[in-house]
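Understanding the architecture of this molecule
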Amino acid sequence: MKTLWEIMSWVSQKERFAKIEDYIEFSKYYLEFISVELQAEIIAQNENNYRFFQYRRDGEYNITRPVNGDLFLSLSDYDSIARNFETTLEHIRDIKDDELNRKYVNDFIYTTQQSIGCALDALPSSKTNTSRKVNGDLFERLMQLIMKKLGFAIESETLSVKVPNSTETMKYQNDIEIKINGEIVAIGSVKTSSKDRIDKIFLDKLMYNRLTQTDTPHFAIFLHDVQRAGKEPNYKIGQTFLTGHFKAYTIGLNPLDGVYYCDLRPIMKTDILLKKHIKTLDYLLCEDIWDYIN
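Summarised in this report is the structure supplied together with it. (Residues numbered from 1 in each chain as written. Predicted model: local features only at pLDDT ≥ 70, side-chain atom pairs only at ≥ 80, totals over all residues. Heavy atoms only, no water.)

**Concerning the pattern of salt bridges**
Going through the model one piece at a time under the given rule, you end up with 19 salt bridges. A salt bridge links Asp121 to Arg65; the nearest nitrogen and oxygen atoms lie 2.8 Å apart. With Asp121 in the loop between α5 (99–120) and α6 (128–149) and Arg65 in the loop between β2 (50–54) and β3 (67–68), this pair connects stretches of sequence that are 56 residues apart. When its relative accessible area of 18% is taken as the criterion, Asp121 is described as buried. Between Asp257 and Lys205 there is a salt bridge, and its shortest N-O distance comes to 3.1 Å. Of this pair, Asp257 sits in the loop between α8 (243–252) and β10 (258–261) while Lys205 sits in helix α7 (residues 198–212), placing them 52 residues apart in sequence. The class of Lys205 is buried, set by a relative accessible area of 9%. Through salt bridges with shared partners, one network takes in Lys14, Lys133 and Asp137. (Salt bridge = Lys/Arg side-chain N within 4 Å of Asp/Glu carboxyl O. Helix = DSSP H or I, 4+ residues; strand = E, 2+ residues; numbered from the N terminus. Buried < 20%, exposed > 50% of the residue type's maximum accessible area, 1.4 Å probe, protein only.)

**Examining the nonpolar core**
In this structure, Ile109, Met147, Phe219 and Ile289 are the most contacted members of the largest nonpolar core, which totals 66 residues. Residue contacts for Ile109: discarding those within four places in its chain leaves Phe85, Phe139, Leu142, Met143, Ile146, Cys262, Leu281 and Leu285. Counting 14 residues, the second-largest nonpolar core is a separate cluster that includes Ala220, Val259, Leu264 and Met268. (Core = buried A, V, L, I, M, F, W, Y, C linked by side-chain atoms within 4.5 Å. Contact = heavy atoms within 4.5 Å.)

**Remarks on the side chain of Asn135**
If you trace the backbone, Asn135 turns up in helix α6. Owing to a relative accessible area of 4%, Asn135 belongs among the buried residues under this scheme.

**So, the sheet that holds strand β7 (residues 218–222)**
Taken in spatial order, the six strands make up an open sheet running β4-β5-β6-β7-β10-β11, and their pairing is mixed. The two strands at the open ends of the sheet, each matched to only one other strand, are β4 (153–162) and β11 (278–280). Strand after strand, the sheet turns through a mean of 35 degrees between neighbouring axes, direction not considered. For β10 and β11, the ladder comprises three bridges, and the chain directions are parallel. Directly across from Tyr261, in β11, lies its bridge partner Thr280. Relative to the sheet, α7 contacts β4, β5 (169–180), β6 (183–191) and β7, its axis offset from that of β7 by approximately 160 degrees. (Pairing = 2+ DSSP bridges. Axes fitted to C-alpha atoms, helices over the stretch in contact; angles between N-to-C directions.)

**Considerations on the side chain of Asn68**
Turning to its location among the elements, Asn68 is positioned in strand β3. One polar contact links Asn68 to Asn49, side chain to side chain, over a distance of 3.2 Å. Not counting chain neighbours up to four residues away, the residues in contact with Asn68 comprise Asn49, Tyr50, Tyr110 and Asp263. (Polar contact = N/O pair within 3.5 Å; in protein donor to acceptor, adjacent residues only side chain to side chain.)

**Considerations on the layout of surface pockets**
Volume-wise, the largest pocket comes out at about 1,300 Å³. Lining the largest pocket are 43 residues, with Arg132, Asn135, Thr192, Ser193 and Arg197 positioned closest to its centre. When residues of the lining of the largest pocket are traced back to their parent elements, those giving at least two are α6, β5, β6, α7, β7 and β8 (226–229). A per-element tally of the lining of the largest pocket places α6 first, with eight residues. Per-class residue counts for the lining of the largest pocket are ten nonpolar, 18 polar and 15 charged. Its boundaries defined by the atoms lining it, the second largest pocket holds a volume of some 370 Å³. (1 Å grid on protein atoms, 1.4 Å probe; cavity = no way out; pocket = protein on both sides within 12 Å on 5 of 7 lines; lining within 4 Å. Points joined across faces, edges and corners; volume = space filled by probe spheres on them. Nonpolar A, V, L, I, M, F, W, Y, C, P; charged D, E, K, R; others polar.)

**Things to note about the sheet that holds β3**
Read from one edge of the open sheet, three strands run β1-β2-β3, paired in antiparallel fashion. The open sheet is flanked by β1 (40–43) and β3, the only strands paired with a single partner. By the bridge criterion, two bridges tie β2 to β3 in an arrangement that is antiparallel. In the strand pairing of β3, Arg51 is matched with Val67.

Here is the structure:
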């Protein structure tokens with residue numbers, strides 16, 4: 001079993017996450033570690049399906065981000081799914097009508113990325129900004145690798161789009177560009193949460209399609225929209241999803257073609273407008289992405 005120091009060193013080196021297999025290997029070691037080496041698991045006071053991991057002295061008794069216990073897999077379940085995960089991706093449309101396996105795909109991705117995020121939470125507070133950047137970059141790379149396993153040509157690049165009747169250009173840094181025969185057929189944004197980022201995604205779709213005179217689908221992938229709130233011992237989770245902003249941009253500007261979460265907030269399952277526009281990540285992989293490219 002790896003020590004926490006080894007895990008922290010590993011997760012800090014982005015170059016060690018070059019393939020899906022690398023993500024899986026790391027997550028197995030992390031899940032093994034937390035099964036026996038935590039100081040405590042703390043249950044969120046307001047939403048009991050969320051919990052926080054507290055490290056021992058080797059992790060300065062740090063407390064992690066909230067983890068949804070309904071989605072976060074045990075080591076044995078994770079290991080079982082991992083054996084066929086890449087094959088499942090290559091034949092993802094075969095499980096379109098298989099509700100259980102679709103949930104496994106969603107939970108597997110959630111567990112993989114949250115293992116990375118929680119491991120980064122063990123780092124000293126002086127490295128918080130670096131940890132946030134590493135976490136976001138590794139989630140973006142994971143989703144790019146997954147899209148490639150689906151059989152797509154994927155690029156992450158900065159585009160320069162000419163402004164009509166002008167010498168000026170607009171630059172777009174896209175997390176995911178799906179191309180067919182060299183042409184962009186869909187654009188995706190990948191973020192761990194929508195906090196402070198949702199406005200730009202809507203505006204990017206509006207401006208890009210207007211400048212290029214296209215109707216290119218734009219979709220967004222988010223891991224979750226929760227953060228730790230409260231103080232010891234009454235830790236809670238706080239929602240970072242801005243319901244009003246999302247509705248205003250969807251109704252008043254232009255709706256995104258799809259918004260996908262591993263960890264949906266309860267309001268996303270009950271609100272009529274949000275239910276229409278926000279789904280779990282398996283919907284993108286099993287269904288919607290194939291419509292976008294057509």
